[in-house]
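Spelled out from the first residue to the last, the chains are:
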Amino acid sequence: MDCISLIDKYYSDNQPLRDLLIRHSEQVRDRALLVVDAHPQWVNQHLVDRQFVAEAAMLHDIGIYLCDAPRIWCTGPHRYIEHGYLGAELLRQEGLPKHALVAERHTGSGILMEQIIREEIPVPPRDYCPQSLEEKIICYADKFYSKGHPDCELSVAKVRENIWRYGHDSVLRWNALVDLMEN
């Protein structure tokens, strides 16, 4: 699959955002593949498809252009928290339902339906937590890179600190991802 061509389909009229998205996606892809390569048993046991991880990492943020985040050249009508499910809708329309799940479930360390209802988060109410090992790998890898600071790679501790604002359950989910990826 040519992920860059698919990105270009939606980002051809916004070169700065396109370039930022590709840079971020490549960072996430490269880190995700390092995780995969550090766990060859996952591939050998057919738990992880390395090519799929590379593709899904490149496409996980495809919905950001639909959101309002002018600092990173996003000028859409939606709140940034919505980019995951909006990107998933695009990927489903493109015939990529498995890639869509990655886009939908990569935000934070996952978002639970109870949190959506309690905090009135503007997304369709359901759980948005990574389920498959591939989804978890990309969710984990994504947390180390911010589109707002593309030259900075965060530490595990800094990611944990950032996730605290979403509550104790989010930190527990992050810690579980770290344990899975780094052991």
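Scope of this entry: the structure provided in the associated data block. (Residues numbered from 1 in each chain as written. Predicted model: local features only at pLDDT ≥ 70, side-chain atom pairs only at ≥ 80, totals over all residues. Heavy atoms only, no water.)

## As for the overall build of the protein
Scanning the protein from N- to C-terminus turns up 10 helices and 4 strands. When its helices and strands are written in sequence order, the protein yields α-α-α-α-β-β-α-α-α-α-β-β-α-α. In terms of overall size, the protein behaves like a compact globule, its C-alpha atoms giving a radius of gyration of 15 Å where 183 residues would be expected to give roughly 16 Å. Along the three orthogonal principal directions, the C-alpha set of the protein runs to about 40 × 40 × 30 Å. Per-residue burial over the protein gives 51% buried out of 183 residues. Within the protein, counting contacts between residues at least 6 apart in sequence, those at least 24 apart form 62% of the total. Surface exposure of the protein reaches about 9000 Å², of which carbon and sulfur atoms provide 53%. Taking the average location of the 20 positive side-chain charges in the protein and that of its 28 negative ones, the two points are 2 Å from each other. (Helix = DSSP H or I, 4+ residues; strand = E, 2+ residues; numbered from the N terminus. Rg over C-alpha atoms; globule rule 2.2 N^0.38 Å. Buried < 20%, exposed > 50% of the residue type's maximum accessible area, 1.4 Å probe, protein only. Contact = heavy atoms within 4.5 Å. Areas by Shrake-Rupley, 256 points an atom, 1.4 Å probe, with all protein chains shown as cover. Lys, Arg positive; Asp, Glu negative; His and termini not counted. Charge placed at Lys NZ, Arg CZ, Asp CG, Glu CD.)

## Observations regarding the pattern of salt bridges
Evaluated as defined, the whole model comprises 15 salt bridges. Across the pair Asp142 and Lys143 runs a salt bridge whose closest N-O atoms are separated by 3.4 Å. Comparing Asp142 with Lys143 shows no difference in burial state: the two are buried. Residues participating in the shared-partner salt-bridge network are Asp8, Arg18 and Asp19. (Salt bridge = Lys/Arg side-chain N within 4 Å of Asp/Glu carboxyl O.)

## Remarks on the environment of Val36
In this fold, Val36 is placed in helix H2 (residues 15–38). Along the primary structure Val36 and Pro150 are separated by 114 residues, whereas in three dimensions their C-alpha atoms are 23 Å apart.

## A word on the packing of aromatic side chains
Counted under the stated rule, the structure contains 5 aromatic pairs. In this structure an aromatic cluster arises from ring pairing among Tyr10, Tyr11 and Tyr65. In this structure, Arg31 is placed above the aromatic ring of Phe144, and the distance from its NZ or CZ to the ring centre is 3.4 Å. Against the face of Phe52 rests Lys98, its NZ or CZ located 4.4 Å from the ring centre. (Phe/Tyr/Trp six-rings, centres within 6.5 Å; stacked < 30°, edge-to-face > 60°. Lys NZ or Arg CZ within 6 Å of the ring centre and 35° of its normal.)

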